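# Tertiary structure, described
These are the residues of each chain, in order.
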Amino acid sequence: MSATRLPKMIALIVSLSACTTAAHKPEAGPDMAILWASNAAEYQAISAQVYAQATRDLPRLLADQSWSAVPGYEADTSRPPAVILDVDETVLSGVEMESTMIPFTTQRQYEWGLSHTAIPIRGSVEFVDAAKRAGVEVFFVTNRPCMEYEGAEGNCPIEQGTIDDLLEVGIETDAEHLLFANEREGWDREKVVRREYISKTHRVIMLFGDDFADFVACARGTPKLPCTKAATRVSRAEALDTYKNYWGNGWYILPNPMYGSWTSVD
Ligand SMILES: [Mg+2]
């Protein structure tokens, strides 16, 4: 291309791009995921749909004496029933923080929680209420990490921060029902350890999350102990089949196109 044509070509691209963005459609690009999570009624509808289905399934799974939602853990009806939910993008929305486009850090997430009112994922608060009314214990397994944060006291200030965030959307919980990454020895970001910890004392009947790793063990491209092998797109696709009887039947996944373990696999 000649040197004289190049500026004209650039001008044309810029003007076409301006036309596109001036219309109703957002410009295609890496932030489409955040725009979708911020703006799309479709996202709200999917979340409402997931929790509506879960609320309908709750009495059936509670009554089914043979049902356990944690593979490898047989139903033990002598144990109290429980459900496990992830927190971010499952119960609380982080889209406002994501939409600022400032790179994510755990410190920033902590400060954001302190300075902003939490926003619920549609349907989640009503589901938690329904589960509690049905006599089901509600646990939250989150990868918000127990660690020291600048400007905060103690070695796990995110614990009270998360209790407060959940209360802001209308969910009362306590430290006993919130399990953080690094809270205990062996509790790495791989959540299977914490799911199994709860399963030793409870009959877990439902799992909720926005990430494959909220359900499936060793689903990360960057494995965390006790997993040592990297997941791949192929191994994750195989897990879809392995656990085909769980999806929408004890396992309820919310959409999150913004981040997640899916971005780490080859
Ligand atoms: Mg999450």
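A short tour of the structure in this document, coming up. (Residues numbered from 1 in each chain as written. Predicted model: local features only at pLDDT ≥ 70, side-chain atom pairs only at ≥ 80, totals over all residues. Heavy atoms only, no water.)

## Overview of the overall build of the protein chain
Per the secondary structure count, the protein chain includes nine helices and seven strands. Carbon together with sulfur atoms contributes 56% to the accessible area of the protein chain, which is approximately 14,200 Å² in total. (Helix = DSSP H or I, 4+ residues; strand = E, 2+ residues; numbered from the N terminus. Areas by Shrake-Rupley, 256 points an atom, 1.4 Å probe, with all protein chains shown as cover.)

## Overview of the environment of methionine 258
For methionine 258, the location among the structural elements is in the segment after β7 (251-253). In this structure, the C-alpha to C-alpha distance between methionine 258 and leucine 35, residues 223 residues apart in sequence, is 9.4 Å. Here methionine 258 is in contact with Ala33, Ile34, Ala37, Glu89, Val95 and Glu98, once residues within four sequence places are set aside. (Contact = heavy atoms within 4.5 Å.)

## Overview of the state of the cysteines
Counted under the stated rule, the structure contains two disulfides. Between cysteine 146 and cysteine 156 runs a disulfide, and the two sulfur atoms are separated by 1.9 Å. The sign of the S-S torsion, about -75°, decides the handedness of the disulfide formed by cysteine 146 and cysteine 156: left-handed. Separated by 10 residues along the polypeptide, cysteine 146 in the loop between β4 (137-145) and α7 (157-169) and cysteine 156 in the loop between β4 and α7 bring together distant segments of the chain. Here cysteine 218 is linked by a disulfide to cysteine 227, with a sulfur-sulfur distance of 2.0 Å. Between cysteine 218 and cysteine 227, the S-S dihedral sits near -75°, and the bridge is therefore left-handed. (Disulfide = S-S within 2.5 Å.)

## Considering the pattern of salt bridges
Side-chain pairs of opposite charge can arise whenever the charged atoms involved come near each other. Scanning the entire structure with this criterion turns up seven salt bridges. Here aspartate 57 ties to arginine 60 by a salt bridge, and the two come within 3.7 Å at their closest N and O atoms. Taken together, the residues aspartate 57 and arginine 60, both in helix α3 (residues 41-63) and three residues apart, mark about one turn of the helix. On the accessibility criterion, aspartate 57 (10% relative accessible area) is buried. (Salt bridge = Lys/Arg side-chain N within 4 Å of Asp/Glu carboxyl O. Buried < 20%, exposed > 50% of the residue type's maximum accessible area, 1.4 Å probe, protein only.)

## Regarding unusual backbone geometry
Leucine 225 connects to proline 226 through a cis peptide bond whose omega is 10°. Relative to the elements of secondary structure, proline 226 occurs in the loop between β6 (203-209) and α9 (233-242). Of note, the phi angle at glutamate 89 is positive, near 70°, even though the residue is not glycine. Positionally, glutamate 89 belongs in the loop between β1 (81-85) and β2 (92-93).

## Concerning α3
What sets the pattern is the α-helix's 3.6 residues per turn: residues three or four places apart point alike. The end-to-end C-alpha separation of α3 is 34 Å, in line with the 33 Å expected for 23 residues at 1.5 Å each. In the structure, α3 departs most strongly from a straight axis at aspartate 57, where the bend amounts to approximately 40° and where the proline proline 59 lies between one and four residues downstream. Within α3, burial applies to Tyr43, Ser47, Val50, Tyr51, Ala54, Asp57, Leu58 and Leu61. Its buried side turned inward, α3 meets α2 (32-39), β1, α6 (124-133), β6 and β7. (Expected span 1.5 Å × (residues − 1). Bend = angle between axes of the 7 residues up to and from the residue.)

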